[in-house]
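Structural overview
Okay, here's what each chain looks like letter by letter:
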Amino acid sequence: MSIFSSIKETIKRYGNNVTIVTGDKRKKAKAFVEPLRYKNKVYVGGKYRLLGLDRDEKYLYVGCAENLLKEQYTVIEMQNSKYIVKRCETYYVKDYPIYVWAILTPYGDDLEDDYESDRKAG
């Protein structure tokens, strides 16, 4: 079995049931969605996070390469929870797409990094 089919089969066998929503398109799929746990205090993007004080939950998504995601647009639904794709990339080996990974945040949360520092209140 090649690395390509091995990874795809692992995701399909052991991944969670998810629904990928991009605009009005919904697709059932399998993927891994897990909380990002840090061994240090560095936050994605280089920002320090104070453990236990900020509500800036991040999740890691790993899914099959054929399920394309769009940053700031695609929503992942899993077990009565919704997450929005903040960043995503496709991992390649020898020019072949192997899997897609993404950083997710809970859908609908206004997180500190979503605001511009010069935004004026309404």
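For the structure, check the block above.
Reference entry: report on the structure contained in this document. Every value quoted in this text rests on a predicted model; they were computed, and no experiment measured them.

As for the pattern of salt bridges
Taken as a whole and assessed by the stated rule, the structure comprises four salt bridges. Glutamate 77 serves as the salt-bridge partner of arginine 26, at 2.7 Å between the closest nitrogen and oxygen. Here the residue arginine 26 occupies a position in strand 2 (residues 25–35), and glutamate 77 occupies one in strand 4 (residues 75–78), the gap between them amounting to 51 residues. You can call glutamate 77 buried: its relative accessible area is 18%. Residue arginine 87 pairs with glutamate 89 through a salt bridge whose shortest N-O separation is 2.2 Å. Classification of arginine 87 by relative accessible area gives partly exposed; the value is 39%. What you see here is one network of salt bridges that share partners, running through Arg26, Glu77 and Lys82.

Points about a nonpolar patch on the surface
There is a patch of nonpolar side chains on the surface, built from Ile3, Phe4 and Tyr96 and spanning about 300 Å² of accessible area. With respect to the helices and strands, the residue isoleucine 3 is situated in helix 1 (residues 3–14). You can call isoleucine 3 partly exposed: its relative accessible area is 46%.

Regarding the pairing of strand 2
Here strand 1 (residues 16–22) runs beside strand 2; their pairing, made up of seven bridges, is antiparallel. Considered in strand 2, the bridge of asparagine 16 is made with alanine 31. In this antiparallel pair of consecutive strands, strand 1 and strand 2, the connection spans two residues, and glycine 23 shows a positive phi of 65°.

Digging into the packing of aromatic side chains
Taken as a whole, this structure holds two aromatic pairs when the rule is applied. Measuring from ring centre to ring centre gives 5.0 Å for tyrosine 91 and tyrosine 99, while their planes differ by 20°; the resulting arrangement is stacked. We classify tyrosine 91 as partly exposed; its relative accessible area is 41%.

Considering the environment of tyrosine 91
Turning to its location among the elements, tyrosine 91 is positioned in strand 5 (residues 81–93). With 26 residues separating them along the chain, tyrosine 91 and alanine 65 place their C-alpha atoms 8.1 Å apart.

A short note on the pairing of strand 6 (residues 96–106)
Where strand 3 (residues 59–64) and strand 6 come together, six bridges link them in antiparallel fashion. Directly across from cysteine 64, in strand 6, lies its bridge partner tyrosine 99. Examined bridge by bridge, strand 5 and strand 6 share 10 bridges and lie antiparallel to one another. Note on strand 6: the bridge partner recorded for tyrosine 83 is proline 106.

About the cut-offs
Residues numbered from 1 in each chain as written. Predicted model: local features only at pLDDT ≥ 70, side-chain atom pairs only at ≥ 80, totals over all residues. Heavy atoms only, no water. Salt bridge = Lys/Arg side-chain N within 4 Å of Asp/Glu carboxyl O. Helix = DSSP H or I, 4+ residues; strand = E, 2+ residues; numbered from the N terminus. Buried < 20%, exposed > 50% of the residue type's maximum accessible area, 1.4 Å probe, protein only. Patch = residues over 30% accessible without salt bridge, like charges linked within 9 Å, V, L, I, M, F, W, Y side chains within 5 Å. Areas by Shrake-Rupley, 256 points an atom, 1.4 Å probe, with all protein chains shown as cover. Pairing = 2+ DSSP bridges. Phe/Tyr/Trp six-rings, centres within 6.5 Å; stacked < 30°, edge-to-face > 60°.

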